Amino acid sequence: MEWCLSMPKVELHAHLNGSIRDSTLLELTEGLVGKGVIDISEVEHIIKKYNRSVAEVFKLFDLIHILTTDHETVTRITREVIEDFASENVVYLELRTTPKRNDSVGMSKRSYVEAVLKGLRSITSVDVDFIPHCEDSKSLFSSVPAIGHVRKRIYVRLLLSIDRRETAEAAMETVKLALEMRPFGVVGIDLSGNPSIGDWATYLPALKFAREQRLYVTLHCGEVPNSVEIKNMLDFRPQRIGHACHLEDEHWRQLKSSKIPVEICLTSNIRTLTIRSIEVHHFGDLYKAKHPLVLCTDDSGVFSTSLTEEYKFAADSFGLGRREMFELSRNAIEYTFADSKLAILFRSVPYPRLKSVVEKKKE
Ligand code: IMP
Ligand code: ZN
């Protein structure tokens, strides 16, 4: 586990509210139970369950969203999630979240994203870089300390998610918000939400608009069997897809020839029973085929995992050694939605040294 923990890692598929700390989830639940807003007997089994089906996962999200509806909590969770990723040596994080409107607390999609940005700014335990081009690479390199106390640095970019329960108009609002927030590190759009709900074509105008405006697009694709949707999503040629669990032979052929990178979430797929067992997980086939892949957590809180554990899980399950795992992590840089300057910086460093390069000597 030690080398999986210490190696620099790149996380490209993490949902903000799915990455909530267990302790925070319990604390917030107790708070609302105390206020009589929720009944613990009704939610206890959802919180405490270990293996949740896809339907149960979305029940838990409904509960989490009841707990995290105010700006302060959104800010707090953002701070904690980033601290947690930084603490396990994630050097680059693309964090995604669904901007939510909640009239009862005066929350608009915009103020939700502002609360996320406030969370990013409020972190003091590590250095957080979230505004593109805010740092010139020279100062990064010169900050490599020989000895002494170092501060971790994490580069964070944001993706705004469209939930499959939303209307086409709400999706368009999210894309326009992403454009407005681009100067603060919003780099793309994700389509997620319960895969059994809605029709992805509802969001095509918003997704096409995002692409025209040069926002990157990633789609949750093939979480449930849906041949037509999977084909149409692959035809759309997003910059990345997440999961890719229920592809059929012709989809695999199309995916492999398209070279669309796949965000692989092993624990998420196994826990939700989307994939029967790790032995038959498509990671093995795609890895052998040298298809672009990136290991991710999806929802580290909901699935009680971490990126370190995902690396260990992949290494143990598919017989991969340190060198292969380093390579897997380094290759992920190629699939980020980062601005080219950052990508060049990351590429120009011998990968094992990346962590120490982005760490910064404490003043
Ligand atoms: P949020 O967007 O920060 O609120 O993160 C939670 C949301 O992410 C959920 O309500 C879903 O819309 C989405 N999400 C998280 N995990 C999954 C998944 O495995 N499949 C599809 N959507 C997901
Ligand atoms: Zn996901």
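Our subject is the structure that appears above.
In this report, the structure presented in the accompanying data block is examined. (Residues numbered from 1 in each chain as written. Chains lettered and ligands numbered in written order. Predicted model: local features only at pLDDT ≥ 70, side-chain atom pairs only at ≥ 80, totals over all residues. Heavy atoms only, no water.)

**Concerning the layout of surface pockets**
Its boundaries defined by the atoms lining it, the largest pocket holds a volume of some 450 Å³. Lining the largest pocket are 32 residues, and of these His15, Phe58, Phe61, Gly193 and Asn194 sit closest to its centre. At the level of secondary structure, the elements contributing two or more residues to the lining of the largest pocket comprise helix H4 (54–67), strand E2 (90–97), strand E5 (153–163) and helix H12 (266–271). The element contributing the most residues to the lining of the largest pocket is H4, with seven residues. Looking at side-chain class alone, the lining of the largest pocket contains eight nonpolar, 16 polar and eight charged residues. (1 Å grid on protein atoms, 1.4 Å probe; cavity = no way out; pocket = protein on both sides within 12 Å on 5 of 7 lines; lining within 4 Å. Points joined across faces, edges and corners; volume = space filled by probe spheres on them. Helix = DSSP H or I, 4+ residues; strand = E, 2+ residues; numbered from the N terminus. Nonpolar A, V, L, I, M, F, W, Y, C, P; charged D, E, K, R; others polar.)

**A short note on the packing of helix H10 (residues 227–236) against helix H11 (residues 249–258)**
Interhelical geometry of H10 versus H11 gives an angle of 10° and a closest axis separation of 10 Å. The angle between H10 and H11 falls in the class roughly parallel. Contact residues: Ser227, Ile230, Lys231, Leu234 and Asp235 in H10; Glu250, His251, Gln254 and Leu255 in H11. Looking at the contact of H10 with H11 residue by residue, the classes come out as three nonpolar, three polar and three charged. (Axes fitted to C-alpha atoms, helices over the stretch in contact; angles between N-to-C directions. Parallel < 35°, antiparallel > 145°, perpendicular 65-115°, else oblique. Contact = heavy atoms within 4.5 Å.)

**Some words on the site of ligand 1**
Not every one of the 17 residues close to ligand 1 is listed here, only the nearest: His65, Thr97, Thr98, Lys100 and Asp299. A distance of 2.7 Å separates an oxygen atom of ligand 1 from a polar side-chain atom of His65. The backbone of Gly193 places a nitrogen or oxygen atom 2.9 Å from a nitrogen atom of ligand 1. Surface burial for ligand 1 is 98%, taken as the share of its 480 Å² of free accessible area covered by protein chains. In this structure the site holding ligand 1 corresponds to the largest pocket. At three residues, H4 tops the list of elements feeding residues into the shell around ligand 1. When grouped by side-chain class, the residues that make up the shell around ligand 1 number three nonpolar, nine polar and five charged. (Near = heavy atom within 4 Å. Polar contact = N/O pair within 3.5 Å; in protein donor to acceptor, adjacent residues only side chain to side chain. Areas by Shrake-Rupley, 256 points an atom, 1.4 Å probe, with all protein chains shown as cover. Sits in = over half its atoms within 2 Å of the grid points.)

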